[in-house]
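# Structural characterization, general
Each chain, written out:
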Amino acid sequence: MNTQSMTGHPQGSIPRIRQDLRRHQAVLVAIAVFFGLFGLTNAISPYPLTYFDVSFMASGGMTLALAAMGQTMVILSGGFDLSAGATVSLVNVVLATQMDPADFEANVALWTVIGIGTGMVVGAFNGFFVAVLRLQPIVVTLATMFIVQGVTLLIMDKPGGFVSPSLGGFYLGDAVPNLLPASVLVIGVAVLFWVWLKNTRYGVSLYAVGSDPAAAEASGMRRMLTVFLTYTFAGGFYGLAGVFVSAQTGSGDPLVGNSLLLPMFAAVVIGGTRLGGGRGGLLGTVFGAYILMIVVNMLLTLNISAYYSTIAESCVLLAAVLAGSMSKDSPLAQKLQAAGDYLRARRGGLLVSQREQVDRRLPFSAPAGGARVAQARPASWWKANASTLRYALPAYGALLLVLIVTQVTLGNVFNNFGYWNTLLVLSAFLAILALGQGAVILTGGLDLSVPWTIALSGILVAGVVQGSDAALVYAVPLVLGVAVAIGFLNGLGIVALGLSPIVVTLAMNGLLQGAALLWSDGTPAGFAAPALRWIMTGKLLGVTPVIPLLALFIIGAVLMLGHTAFGRRIYALGNSEEAARLSGVKTGRVLISVYILSALCAALVGILLTGFSGQASLGMGDDYLLPSIAVVVVGGALITGGRGHYMGMFGGALLLTAMQMLLAGTSLPYAFRSVFFGFVILAAVIALRDRKGG
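Presented here is a report on the structure given in the accompanying data block. (Residues numbered from 1 in each chain as written. Predicted model: local features only at pLDDT ≥ 70, side-chain atom pairs only at ≥ 80, totals over all residues. Heavy atoms only, no water.)

Next up on the list: the overall build of the chain. Check the secondary structure of the chain and you find 30 helices and two strands. Going through the 694 residues of the chain one by one, you find that 49% of them count as buried. Across the chain, every contact between residues at least 6 apart in sequence was considered, and the portion connecting residues at least 24 apart equals 80%. Accessible surface, the chain as shown: approximately 32,600 Å² in total, 65% of it carbon and sulfur. (Helix = DSSP H or I, 4+ residues; strand = E, 2+ residues; numbered from the N terminus. Buried < 20%, exposed > 50% of the residue type's maximum accessible area, 1.4 Å probe, protein only. Contact = heavy atoms within 4.5 Å. Areas by Shrake-Rupley, 256 points an atom, 1.4 Å probe, with all protein chains shown as cover.)

See the structure below:
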C-alpha cells in the first residue's frame, strides 16, 4: 500500500525532487540568468521587444549555440577541441565556392547534409588521432585547427563567393509564421536529438568515459569507439553551425569562425558542463550561448565600445568556471584552509623553522683497518645524456635533411653566409618563445595567451617610443613589467583558483586582445626606435646584432633549465606534481614563475618583431601560437610534461624556420604552410610520444 505524507506527496518524492534539482542546478541557474537578462534587455530598450526582435536574437545566437553544443560533447568525454571555429569557416567557404551563383533555389537539405558531412570528416580526423592513437586532444585539435585554416585559405583566400538565398530563407525565416522562428525549431530538434542520444548505450558510455576512462574500459565499455564517435558527432554540430552562418552572410569568409573559440568555451561552462568531463549537457550550453549573446548586445545598447566584447566574454568565462568549481574540495578552499593552518601553527610555534635546530645525523666513521671504499666510476657523457640525445637529435637530423632539400631545390645554402645569417635571425623569435612555452609544457601546461601577449607588447613599445632611442630606456622595462603582470595573473588563476591552464590562458588572450584594441583604438600607432631596428636588421662585423644576443640567450636558457634548482623543480613538477610537493618543492611558486617566464619571452618577441618590421600590428602574434608549441614538441619534449631539453627545442626552432624558408622559395601558396606545420606537429607527437603512456 502506498503511503502519503500529510501534504499529499508520495513518500520519498520530495527527497527525489530535491536530488533532481541539485543535479540540474547549473542548467536551472543558466535558464534563470537567461530570462533575467532577457527581461533586463527589454527594460533598457527604448521600445518594447517585438516578435521580430526575438526572432532576430534567436538567429543571432544560433551559430554559437550549435558550435558550443559540439564542443560540449567533446568536453563531456574529457577532451578539448580547438579546431571548432576553423571547421565552421571551412564549411562556410565550401558552400560559398560550390554553390552555383545562378541557382537561387538550391536544395536546402542537400547543402545542409554537405555542410554537416564536411564537419564530420574533420571530427573523424580528430577522433582517429585522439581515440585510436591516444594523443593529447589539445595538441591534436590545435594542429587540426591550423591544417583546416590552411585548407580553408587554399579554397578561398578572401571573402566572397555565393550562398543561395534559399538557405537564408529557410534558416532565417519562420517555421510557423509570427509564432516560431526556424532557428528556434532547429535548436529544438538538435536538443531532442541529444536527449535521445544520451539515453543510448553510446550516451551512457560518453559520461562514463568522461568521468573515469579506466573504470569505463574495465566495465566493458568501448572507450575508443565512444571517443571517436564523440569527435565525429561534434564535427557534425560544427558543420551545421557553418551552414547557418552561411545562410546569415550569403557569402563565404575564411575567417568567419575564428572568433568563436572563446565564447564557445564560455557558453559550455556557463551551461553547467564541467571541464574535465563526465557532467553536464547540451541544453545548458544553448542557454549559455544566448546569455553571452545578450551580454554583448547589452554592451552595444549601452553604447559601450565593441572592443570590450572579448573582455566581457573572457570575464564571463572565468567567472563561470570559478563559480562551477566552488566547493569544499575546490583548490581555492583547500589553499585558504592551508593558509589558516599555517597561521595557527605559526602562532603556536609549531612550525619546523621555529623549532630548535639540532644536528641529529649519525656520525660517519671510516672502515676498520683503513680499507678503501670503492667508488663508482662516473658514466660517460654519452650514457649520461642518452635519453636527452634520443629525443633532441631527431630535430637536427630533420634540419639537415631540409637543408639538403633546400640546396637541391634552391641552391647556394651550405656555402652562403647570408642564408645562415637569415636563418638565425628568423629563428630568434621561435627560439625565445621555445624557452617560455617549453617551460610551461615541461610542467604539463600550455600557454594560449602567447599571440596577444606578443601583439600587445609590440603595440605598447611602438606607441611609447614613437621612434625615439631615448624612450627605449623606460619603454622596454614598462612592457616587460606588463608581461610579468600577465604571467603572474595566468599563474595565479591556475595555482590559487585551480583553473585549467587552457581556460585561464585562453581567457587571458581575450582580455589582452580587448586591451590592445582599446589602447590602439583599433589602429596601432608609432614605430620602432632606430636602435631596435639596427639590432634586428643592421650589421655588426657582417653579422646581424641579434645573433650574438641570441647566443647569450641560448646559453642562459640551457643553464636555467638544466643547471639550476629552478630548472630541476620544473622537471619534477612535470613528472609528478604531488611527488614534487611532498619532496618540498613549492609547486605554486614554480608554476607562477613558469607562466611569468612565458609571458616575458612572448613580450620580448613582440619587442623584437616590432624592431624587425618597423612597426606593430594587431595580428602580429597570431602566427606564433602553433609554432611555439611545435618547436617544443619537435624538439623532443613530452607534451604532458617532465621531458625535454632546450637544445632540442632550439633545434626545432631552426627546423621550422628552415622549412618556412624552403616553402617561401617555392611557388606554394602561403596558406600551405599552416597545413604543413599542422602535419609536422602531428608526426612529431606520434614519433616522439611516450610509448608507456600512449
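This brings us to a nonpolar patch on the surface. Judged by side-chain polarity, Leu 40, Ile 44, Leu 302, Ile 304, Tyr 308 and Leu 518 come together as a nonpolar surface patch covering roughly 460 Å² of accessible area. Structurally, Leu 302 is set in the loop between helix 14 (282–301) and helix 15 (309–324). (Patch = residues over 30% accessible without salt bridge, like charges linked within 9 Å, V, L, I, M, F, W, Y side chains within 5 Å. Salt bridge = Lys/Arg side-chain N within 4 Å of Asp/Glu carboxyl O.)

Helix 28 (residues 625–634) packs onto helix 7 (residues 137–155) with a crossing angle of 130° between their chain directions and a minimal axis gap of 11 Å. When the axis of helix 7 is compared with that of helix 28, the two are oblique. You can see that helix 7 and helix 28 cross each other, and the crossing is left-handed. Counted together, Leu 142, Ala 143 and Phe 146 of helix 7 and Leu 625, Leu 626 and Ile 629 of helix 28 form the full contact between these two elements. Among the residues making up the contact of helix 7 with helix 28, the classes are represented as six nonpolar, no polar and no charged. (Axes fitted to C-alpha atoms, helices over the stretch in contact; angles between N-to-C directions. Parallel < 35°, antiparallel > 145°, perpendicular 65-115°, else oblique. Left-handed = near helix turned anticlockwise from the far one by under 90°. Nonpolar A, V, L, I, M, F, W, Y, C, P; charged D, E, K, R; others polar.)

Relative to the helices and strands, Thr 310 is located in helix 15. A distance of 3.1 Å separates a polar atom in the side chain of Thr 310 from the backbone oxygen of Gly 510. (Polar contact = N/O pair within 3.5 Å; in protein donor to acceptor, adjacent residues only side chain to side chain.)

Moving on, we come to helix 6 (residues 108–132). Across its 25 residues, helix 6 extends 35 Å between first and last C-alpha, which sits within 8% of the 36 Å expected from 1.5 Å per residue. The opening residue of helix 6 is Asn 107, an N-cap whose side-chain oxygen sits 3.1 Å from the backbone nitrogen of Ala 109. Where helix 6 ends, the next residue or the one after it, Arg 134, has phi of about 60°, a positive value. (Expected span 1.5 Å × (residues − 1).)

A positive phi angle, near 50°, is found at Gln 466, a position not held by glycine. By secondary structure assignment, the location of Gln 466 is in the loop between helix 20 (450–465) and helix 21 (472–495). With relative accessibility at 42%, the residue Gln 466 sits in the partly exposed group. Unusually for a residue other than glycine, Asp 521 sits at a positive phi of about 55°.

Between helix 20 and helix 27 (residues 587–613), the shortest axis-to-axis distance is 7 Å and the interhelical angle comes to 50°. Overall, the two elements helix 20 and helix 27 adopt an arrangement that is oblique. The crossing of helix 20 and helix 27 is right-handed. On the side of helix 20, the interface is formed by Val 450, Thr 453, Ile 454, Ser 457, Gly 458, Val 461 and Ala 462, while helix 27 contributes Ser 598, Ala 599, Ala 602, Ala 603, Val 605, Gly 606, Ile 607, Leu 609 and Thr 610. Split by residue class, the contact of helix 20 with helix 27 holds ten nonpolar, six polar and no charged.

A separate point is the environment of Leu 180. Locating Leu 180 in the fold gives a position in strand 2 (residues 180–181). Sequence separation between Leu 180 and Ser 55 is 125 residues, and the spatial gap between their C-alpha atoms is 8.1 Å. Among all residues touching Leu 180, those that are not within four sequence positions of it are Tyr 51, Asp 174, Ala 175 and Leu 185.

This part takes up the pattern of salt bridges. Taken as a whole and assessed by the stated rule, the structure comprises three salt bridges. The salt bridge partner of Glu 217 is Arg 134, with a shortest N-O separation of 2.8 Å. Here Arg 134 lies in the loop between helix 6 and helix 7 and Glu 217 lies in helix 11 (residues 213–218), a separation of 83 residues in the sequence. Classification of Glu 217 as partly exposed rests on a relative accessible area of 35%. In this structure Arg 134 comes out as partly exposed when scored by relative accessible area, which is 36%.

The next point concerns the packing of aromatic side chains. Two aromatic rings are characterised by how far apart their centres lie and by the angle between their planes. Under the criterion given, the structure shown has 18 aromatic pairs. Here Phe 34 and Phe 35 contribute two aromatic rings whose centre-to-centre distance is 5.1 Å and whose plane-to-plane angle is 75°, an arrangement assigned as edge-to-face. Three or more aromatic residues joined by ring pairs form one cluster here, namely Phe 34, Phe 35, Phe 38 and Phe 287. (Phe/Tyr/Trp six-rings, centres within 6.5 Å; stacked < 30°, edge-to-face > 60°.)

A few words now on helix 27. Its 27 residues give helix 27 an end-to-end C-alpha distance of 39 Å, which sits within 8% of 39 Å, the value for a rise of 1.5 Å per residue. Where burial is concerned, most of helix 27 is hidden: 21 out of the 27 residues are buried. At the exit of helix 27 stands Gly 614, carrying a positive phi of roughly 95°.

Before going further, it helps to spend a moment on the environment of Phe 650. Inspection of the secondary structure assignment puts Phe 650 in helix 29 (residues 646–664). Put simply, Phe 650 and Ala 431 are 219 residues apart on the chain and 5.5 Å apart in space, counted from C-alpha to C-alpha. In contact with Phe 650, not counting residues within four places along its chain, are Tyr 396, Leu 424, Ala 431, Leu 550 and Ile 554.

With respect to the helices and strands, the residue Ser 83 is situated in the loop between helix 4 (62–76) and helix 5 (84–98). We classify Ser 83 as buried; its relative accessible area is 1%. Of the polar contacts made by the side chain of Ser 83, one reaches the side chain of Asp 81; its length is 2.6 Å. Sequence-distant contacts of Ser 83, defined by excluding residues within four places in its chain, comprise Asn 126, Thr 141, Thr 144 and Met 145.

Now for the environment of Gly 606. Positionally, Gly 606 belongs in helix 27. Residues Gly 606 and Met 620 lie 14 residues apart in sequence; the distance between their C-alpha atoms is 8.0 Å. Gly 606 has contacts with Ile 454, Ser 457, Gly 458 and Met 620, leaving out every residue within four places of it along the chain.

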